[in-house]
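# Secondary and tertiary structure notes
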Amino acid sequence: MKASLKWLREYVNITLPLQELAQKLTMSGTEVAGIDTIGGWDNIVVGEVVAIEPHPNAERLQLATVDLGTQRFTSVCGAPNLEMGQKVAFAKIGSQLIDPESGELVKLKRAKIRGIASEGMICSERELGISDRHEGIMVLPSDAPLGVPLDEYLGDTILDLDITPNRPDCLSIIGIAWEVAALTGKSVRFPEVSYDETGEPIERKASVEIADADLCPRYCASLVTDVKMAPSPPWMEQRLLACGMRPINNIVDVTNYVMLEYGQPLHAFDYQKLAQNRIIVRRAQDGEMLTTLDGVKRALTSEMLVIADGEGAVAIAGVMGGTESEVTEDTTSVLIESANFNPVSLRRTSMALRLRSEASLRFEKGISPELPLLALRRATQLMAALSGGKIAKGIIDIYPGKTEPKPISLTTRQVRRILGVDLGLDQMVKVLSSLGFQCQRVSPEELSVIVPYWRTDVRLSDDLVEEIARIIGYDELPTTLPSGSLPRYEPNPMRALRQRVCEILAGCGMQEVITYSLTSLAIMRKVVPDSQLFPLRVANPITTEQEYLRTTLRPGLLQALSSNEKHEEGSIRLFEVGKVYLPREGDLPEERHMLAGVLSGPRLDRSWHGEGEALDFFDAKGVLEVLFERLGVAISFEPAEDETLSPARRAKIVVGGEEVGVLGELHPRVAEDFDISSRSVYLFEIDLERLLPAALEPHKYRPIPRFPVTLRDIALVVDVAIPSKRVQDIIEGFPLVARVTLFDVYIGEQVPREKKSLAFRIHYQSPTRTLTDEEVKQAQEEILERLHRELGATLRA
Amino acid sequence: MLEKLDEIRSNAIDELSNLQSLNELEDWRIRYLGKKSTLTQILRGLAALPLEQRKAVGASANEVKALLEAALGQKRAALKEEELARSIERGRIDVTLPGRPLALGRLHPTTQMVREICDIFISMGFQVIEGPEVEWDYYNFEALNIPPDHPARDMFSTFWIDTESGERPMLLRTHTSPMQIRVMERTRPPVRVVVPGKVYRYEATDATHESMFYQIEGLAVDENITLADLKGTLYEFAKRLFGAERRVRFRCDYFPFVEPGVEMAIDCFVCGGSGCRLCGNTGWIEILGAGMVHPDVLRRVNYDPDVYTGFAFGLGVERIPMLRYGIEDIRLFYSNDLRFLRQF
């Protein structure tokens, strides 16, 4: 809402400096988003044209003598509308004006025009920056004060206010005046409204019927006949422009002006075009058509409220009028509508039609049904005055929705409970009264408060408490810390696990990323088989790239890898801990916490120390081994099925017999699908929900062994196909074996074909005694015997 | 004999001063102090001398021996020191050469910010809880005093989920506030929680708008919670997050689920309050929205508003690193360019 300070001053005295006023408004909830100045004219004053003579050397130019009260100047003027006695804006030499051609500010210099010296200039609106008009000079009202600087007379300051949706009353100058008055200790003046009704009684000329009273609590109408259509006077046009509205004519402008003044939208119908001179407020018929003022032909439904005449809809109630009953140059009589409509139905209508207007924006927020009559009288007065029309006797006022205001009880205890401060009744009354609330003392601790009709947002005692707090100023209220007891502690183990996982992986040199939860079906298809792909869809996506809720973290990571590959030279190691969204029948989806990571590029970034080899499967596996070691979770890797991963290099991660995730080399086909150029990309994905129980298991300390370790190395030859883990598991199963390390794997000429050599270091140790050589030797023989029996392993020669 | 000893001494000392290495020193020792050295032989031959001479020569010979041994010790130490210095010098390196690269991991800036903020509230007795991102209309709107067709719905452009029945509207939560309802539904006061999480807005993205971002919700409900407590808690938070020298301002604002409604701002740390581009010439930077929990919201979760009061707040997470580091485009956060992520 743009508010002219000059206009505001008509209803409230403003003595505070502008910045302080803006500060107070902002702090109390009416945020001043900007302050604009209209004018800033220097050396331009109000003058009167007292003599006009022809220019001796130019037919189309004239010499105008302008009286400024104490001085007279003669200037050369080419405007076709120059007339004797006009009040004009006269720019003296040295003033700054806008060049109508270039739009730039230029300084007015003394000049000779066709041989005659011009001592100044009579300005057009464009030259002053008021509007685009440049067909002639700007003519000021005849009561414009002679010799007064134009800045004083026409200049204004515009407050650009952000009005919150609960305050439709502040979408009006009078509403803002109430705020200013309360904040500065002043009182509000209302416009004086009185006029003569010289026409016939309105009941004889028009009728109004509300068919659907649930959607129209009140409908008021007046009639002005014998109007003369014309542009509005400059003062009104300027105010409309200042508040961001385009002047149209003296009828439409009045409806807009009063809407800005009171916050009540009005509509002017061309009375002659209303069939049977009837107004019927009713729901539209399904399929009923109406061409609205914006020129769009619209199909209506029975959920929408329309204003109809004897034949059909002429306006969508509270949203926009129709072209057929529009006021035009030929209009001679105007029926003015000032009504109240149900905000919910109106908003639904305007959303359904995708049609929002200044009127609908006010109605949908719920404005007072007390306003229509006040605003209508004001509009009737202005319209008659501006158009020279005759006002029909009386006003039609149908008010089925009238309710009596219910007083609200407010106690000092309530104020204390919410604000944490003791305020006396006097102070409460003072603040509330300044905003127009009527307060009655019920007891020394209690008030009974009647809410002023325009404050439709105030309903509860809590609302009154806010009124008091915001006018006093939140910064004036005390500041404390909550003193009560703390709630019972509820652990959040999943969050704790996620945090640990993130820290460990970052410690392993991996960068955390966060990718979008919304993705496209096409992208997910690249990593999820169609038979398993049933993601939730957004009904109103912005783009197809963000249309479905992800059911896997893989695509986001692979996209991040792909885009980073284009500029990264070294390795890329990314991980994400995030949710996937798995649909459930008739319920919200399951939001499952997952972990996924990708690694690619060289093991060590290139430097003067040399260049590392490419990362491989075992780098990724090493990261996971560190992760699970730190989490205290025992895992094993087993061959896996996973279409995204290369069949020769993939493993599932098993915890306590249950699969919790998968690790492997990205299938070259998938890499190509994601436009990934690296040949070796390793990916893992782990279901944190499945991991959680194991991660929560309590940890126990093991004493440091007191007896020495005996080391023995053995090299075994086994079939290539036997997993090293099977060999290691057998060795580790022996009671005296404390630890086994695989330190060499060899396949080649030194061993037979289809065989491989595995070299282990075995740590023999007993928790109770020092082992003898004999004991170790015997254990080693038993191990070899068993490996031979079960796996056909032999000692390497 | 005594002259002989004098000669040995002066020769030995002269030679010693010219020695360069421990090997030469060893030769010197053998020559002057070894078993076959003249000095040793003199000492051995003392017994054969007449008593008078034996005494004088003996004293002098022992004196020379002690002197040479002391000189030997000193020289040995000096040579060792030189040797060490030489060997150290041989190992001199260019310390300006870069170190061996390690793979460096980091947490996402949003994760870091969420933790920093949550930690502040944890230290004030708040617990961290989380909730669903896909929500019912009821929790996101209706229970928060925003029924269908309420004009405040304009404040929250919403992604709706395509459900087959379409009976119960499902959406991507537009704020973390639905968790106010969920928390109060399942616990009784006292409540003191913060709720971090992703939220979604149906909005075309630009430098200051993202369709997905993070919020942190806060809620405290108890018997004696007041607006003064709201101010105190958020004041403390702002000072800890932005520094003790920042000024904090509370002004009236509107959110349908609180009454009174509050907006907290800090003075602009670029211009210090005089007005600049960052703060839109207001001198203040909005940080969060807050307010006292609306009595209708309390009633809806069966909390008696005559017994309990509470405050709630919600803040956008990315905005804070944006302000702190001068990041001008919010879209950088989730496009995951390593050149961006590596800076935090």
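Residues numbered from 1 in each chain as written. Chains lettered and ligands numbered in written order. Predicted model: local features only at pLDDT ≥ 70, side-chain atom pairs only at ≥ 80, totals over all residues. Heavy atoms only, no water.

## A few points about the overall build of chain A
For chain A, the helix and strand inventory stands at 22 helices and 41 strands. Here chain A has a C-alpha radius of gyration of 42 Å; the compact-globule value for 797 residues is 28 Å, and the former is much larger. Viewed in the frame of its principal axes, chain A has a C-alpha envelope of about 130 × 80 × 60 Å. Residue burial in chain A is summarised as follows: out of 797 residues, 53% are buried. For chain A, contacts bridging at least 24 residues in sequence account for 68% of all contacts bridging at least 6. Surface exposure of chain A reaches about 37600 Å², of which carbon and sulfur atoms provide 49%. When the 90 basic and 115 acidic side-chain charges of chain A are each reduced to a single mean position, those positions are 3 Å apart. (Helix = DSSP H or I, 4+ residues; strand = E, 2+ residues; numbered from the N terminus. Rg over C-alpha atoms; globule rule 2.2 N^0.38 Å. Buried < 20%, exposed > 50% of the residue type's maximum accessible area, 1.4 Å probe, protein only. Contact = heavy atoms within 4.5 Å. Areas by Shrake-Rupley, 256 points an atom, 1.4 Å probe, with all protein chains shown as cover. Lys, Arg positive; Asp, Glu negative; His and termini not counted. Charge placed at Lys NZ, Arg CZ, Asp CG, Glu CD.)

## Description of the domain arrangement of chain B
Often, the extent of an interface is quoted as the loss of accessible area on bringing the components together. If you check the domain split of chain B, you get domain 1 (2–90) and domain 2 (109–341). For domain 1 of chain B versus domain 2 of chain B, the distance between C-alpha centres works out to 89 Å. (Domains from an automatic or database assignment.)

## Quick word on helix α21 (residues 724–732) of chain A
Residue and element names in this part refer to chain A. The set of residues buried in α21 consists of V727, Q728, I730 and I731. Buried residues along α21 cover an arc of 160° about the axis, so they all sit on one side. Summarising the contacts, the buried residues of α21 are in contact with β38 (710–719), β39 (737–746), β40 (755–764) and α22 (773–791). (Arc of directions from axis to C-beta.)

## Quick word on the interface of chain B and chain A
In this assembly, 95 residues from chain B lie in contact with 91 residues from chain A. With both chains or domains summed, chain B and chain A bury close to 7900 Å², and 53% of this area falls on carbon and sulfur atoms. Where chain B meets chain A, there are eleven salt bridges. Here R356(A) and D154(B) are joined by a salt bridge, their closest N and O atoms 2.8 Å apart. Connecting chain B to chain A are 56 residue pairs in polar contact (both at pLDDT 80 or more). Residue contributions to the side of chain B that touches chain A peak at six residues, all from helix α8 (residues 227–242) of chain B. (Buried area = accessible area lost by both parts, 1.4 Å probe. Salt bridge = Lys/Arg side-chain N within 4 Å of Asp/Glu carboxyl O. Polar contact = N/O pair within 3.5 Å; in protein donor to acceptor, adjacent residues only side chain to side chain.)

## Some details on the packing of aromatic side chains
Counted according to the given criterion, the structure contains 25 aromatic pairs over all chains. Ring plane angle 25° and centroid distance 4.7 Å describe the contact between W178(A) and W454(A), whose orientation is recorded as stacked. Of this pair, W178(A) sits in helix α5 (residues 173–184) while W454(A) sits in the loop between β28 (446–450) and α14 (461–472), and the two are 276 residues apart along the sequence. Judged by centre distance (4.7 Å) and plane angle (25°), the rings of F121(B) and F237(B) are stacked. Here F237(B) lies in helix α8 and F121(B) lies in helix α5 (residues 109–122), a separation of 116 residues in the sequence. (Phe/Tyr/Trp six-rings, centres within 6.5 Å; stacked < 30°, edge-to-face > 60°.)

## Thoughts on the nonpolar core
One finds L8(A), Y219(A), I307(A), F341(A) and F237(B) to be the most contacted residues of the largest nonpolar core, which totals 244 residues. The biggest single contributor to this core is α5(A), with nine residues. Once residues lying within four places of it in the same chain are set aside, the contact partners of F341(A) are L215(A), C216(A), P217(A), V281(A), L305(A), I307(A), A317(A), G318(A), L346(A) and F363(A). Formed by 35 residues, the second largest nonpolar core is a distinct cluster that contains C502(A), L505(A), A651(A) and F684(A). (Core = buried A, V, L, I, M, F, W, Y, C linked by side-chain atoms within 4.5 Å.)

## Quick look at the confidence of the model for chain B
Across chain B, the average pLDDT comes to 92, with 100% of residues at or above 70. Across the whole predicted complex the pTM is 0.87, and at the interface the ipTM reaches 0.87. (pLDDT = per-residue confidence, 0-100.)

## Digging into the sheet that holds strand β34 (residues 636–639) of chain A
Residue and element names in this part refer to chain A. An order of β29-β32-β33-β37-β36-β35-β34 is seen for the seven strands of this open sheet, with the pairing classed as mixed. With one partner strand each, in any of the chains shown, β29 (511–512) and β34 form the two edges of the open sheet. Alignment of strand β36 (residues 658–666) against strand β37 (residues 681–687), held across five bridges, turns out to be antiparallel. Bridging across to β37, L663 finds its partner in F684. Strand contacts of helix α15 (residues 493–507): β29, β32 (572–584) and β33 (587–600), with the helix running at about 155° to β32, the strand carrying the most contacts. (Pairing = 2+ DSSP bridges. Axes fitted to C-alpha atoms, helices over the stretch in contact; angles between N-to-C directions.)

## Here's the deal with unusual backbone geometry
A cis amide bond links P189(B) to the next residue, P190(B), at an omega of 0°. The residue P190(B) is located in the loop between α7 (178–186) and β4 (191–200) in this model. For the peptide bond that leads from E259(B) to P260(B), omega is -5°, which places it in the cis range. You can see P260(B) is positioned in strand β7 (residues 258–267). We note that R114(A) has phi near 50°; this positive angle belongs to a residue other than glycine. Counting through the fold element by element, R114(A) comes out in the loop between β9 (111–113) and β10 (116–118). The class for R114(A) is exposed, based on a relative accessible area of 54%. Backbone geometry at D675(A) places phi at a positive 60°, although glycine is not the residue there. By the element assignment, D675(A) lies in the loop between α19 (668–673) and β37.

## Here's the deal with the pattern of salt bridges
All names here are of chain A. Throughout the structure, instances matching the rule amount to 75 salt bridges over all chains. Here E125 makes a salt bridge to R133, at a shortest N to O gap of 4.0 Å. According to the relative accessible area criterion, E125 is buried, its value standing at 13%. Here R603 makes a salt bridge to D616, at a shortest N to O gap of 3.5 Å. Taken together, the residues R603 in the loop between β33 and α18 (617–631) and D616 in the loop between β33 and α18 connect sequence positions 13 residues apart. Through salt bridges with shared partners, a single network forms among R167, D169, E179, R455, D457, E467 and R470.

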